[in-house]
Amino acid sequence: MSKLSRQTTCSLLAGPLVFLASFLPKADARWVWIDTDLSIGSPLREVDDGYALLLAWRSPELQISGISTTYGNAPLRGTTSRTREALRRFGLTMPVNPGAASPNELGRATPASDALAAELHSRKRLTYIALGPLTNLASFVSLHPEQADQIDEVIMVAGKTPAATLGFGPGEKFRIHDANFVKDPAAMRAIFASPIPILLAPIETSARLLLDAQDLRTLEASDPAGRFLARKSGLWLRFWTHFVKAGGGPVFDALAVVAAARPNLVMTDLRTAAIEADGNFIVRGKPEGAGRKVRFCSGFVHATKAVILDRLNGRREKCSSARRDR
């Protein structure tokens, strides 16, 4: 081969190799199990689980150990089939393990609980990222209590401070509830009673991670995975911007993945959480008194959105700003 031919071949290969290398997990990557109620593609359903999954796949700090599905944003059959479709679109080949179909299945064995037990038997330790109700994890703890302390941490999209309204748009007239807790409070009580450390990535914080129309256009032009997400997000974005009149669509679940992959980007502090007499799951400001000690994500570095978009778009992020959003 001539020198010119070798140079041409190297040039042609350089781009793809650099792209692939940017998403290869490091030797010390954090192993994570992701439990999701993904419903992307279902009318008027949230799409943030899809963004969280692609972000986790493209975060070199993480290695996905397993994926399970739960009810929540849609029935279990729907979340399972849509998760499988999303993984296929992302180019990620791994089993999807169905879990509980409702809170009534708390404590029952499922493919999700069996697969998690098998993974912990072989891998010994991992972080559990809960993007939906906690039924699957609580069932696992009930069925395999001897393995609960092998979970380094559960990062869950749940919890709220007393002042949080979870309101959006002008006058915060459109309000949502703390869905992942509300759909199975008994599961949360079971996790509170377990030895698993808890990090909360609450809606009141992640609500500030917004994607707008320009973000979707950029994502659609990136690659097949980005195009799939962008095209499935049109109705979702229209709902948030035209009906709610918010500044964009919130990708709530993405913050939980950021907290796992890039903990230096998020602000956390130690607090006390409790399920109070009125049934609400409230997080108070000081780690003292009755309740479960948790870490609470109260803010994130200003450049977090840029980091998320760079990874979703298949780019390596630039240097991040030191300013933090609260």
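This text goes with the structure placed above it.
Residues numbered from 1 in each chain as written. Predicted model: local features only at pLDDT ≥ 70, side-chain atom pairs only at ≥ 80, totals over all residues. Heavy atoms only, no water.

1. Structural notes on the side chain of Arg-271
Stage number 1. Considering the arrangement of structural elements, one finds Arg-271 in strand S11 (residues 266-275).
Stage number 2. In this structure the side chain of Arg-271 is engaged in a polar contact, spanning 2.6 Å, whose partner is the side chain of Asp-269.
Stage number 3. Leave out the neighbours within four places in its chain, and Arg-271 touches Thr-161, Val-283, Arg-284, Gly-285, Lys-286, Pro-287, Arg-292, Lys-293, Val-294, Phe-296 and Ser-298. (Helix = DSSP H or I, 4+ residues; strand = E, 2+ residues; numbered from the N terminus. Polar contact = N/O pair within 3.5 Å; in protein donor to acceptor, adjacent residues only side chain to side chain. Contact = heavy atoms within 4.5 Å.)

2. Examining the packing of aromatic side chains
Stage number 1. Applying the stated rule across the entire model yields twelve aromatic pairs.
Stage number 2. Seen in terms of ring centroids, Phe-168 and Phe-252 are 6.1 Å apart; in terms of plane orientation they differ by 75°. Their pairing is edge-to-face. With Phe-168 in strand S6 (residues 167-168) and Phe-252 in the loop between strand S10 (249-250) and helix H12 (254-261), this pair connects stretches of sequence that are 84 residues apart.
Stage number 3. In this structure Phe-168 comes out as buried when scored by relative accessible area, which is 9%.
Stage number 4. Ring centres of Phe-239 and Trp-240 lie 5.7 Å apart, and the angle between their planes is 80°; this geometry places the pair in the edge-to-face category.
Stage number 5. Aromatic ring contacts, followed pair by pair, group Phe-168, Phe-174, Phe-239, Trp-240, Phe-243 and Phe-252 into a single cluster.
Stage number 6. For Arg-123, the ring lying beneath its charged end belongs to Trp-31, and the centroid distance is 3.4 Å. (Phe/Tyr/Trp six-rings, centres within 6.5 Å; stacked < 30°, edge-to-face > 60°. Buried < 20%, exposed > 50% of the residue type's maximum accessible area, 1.4 Å probe, protein only. Lys NZ or Arg CZ within 6 Å of the ring centre and 35° of its normal.)

3. Focus on the pairing of S11
Stage number 1. As defined by bridge partners, S11 adjoins strand S13 (residues 292-301) across eight bridges and the pair is classed as antiparallel. From the neighbouring strand, Val-266 faces S13, where its bridge partner is Phe-300.
Stage number 2. In terms of strand pairing, S11 meets strand S12 (residues 281-284) through four bridges, oriented antiparallel. In the strand pairing of S12, Ala-273 is matched with Val-283.
Stage number 3. The antiparallel hairpin formed by S11 and S12 contains five residues in its connecting segment, where Gly-279 sits at a positive phi of about 90°. (Pairing = 2+ DSSP bridges.)

4. What about the pattern of salt bridges?
Stage number 1. In total, this model carries eleven salt bridges according to the counting rule given.
Stage number 2. Between Arg-295 and Glu-153 there is a salt bridge whose closest N-O contact spans 2.6 Å. Here Arg-295 is found in strand S13, whereas its partner Glu-153 is found in strand S5 (residues 151-156), with 142 residues between them in sequence.
Stage number 3. Residue classification places Arg-295 among the partly exposed positions, given a relative accessible area of 32%.
Stage number 4. Between Arg-284 and Glu-276 there is a salt bridge, with the nearest N and O atoms lying 2.9 Å from each other. (Salt bridge = Lys/Arg side-chain N within 4 Å of Asp/Glu carboxyl O.)

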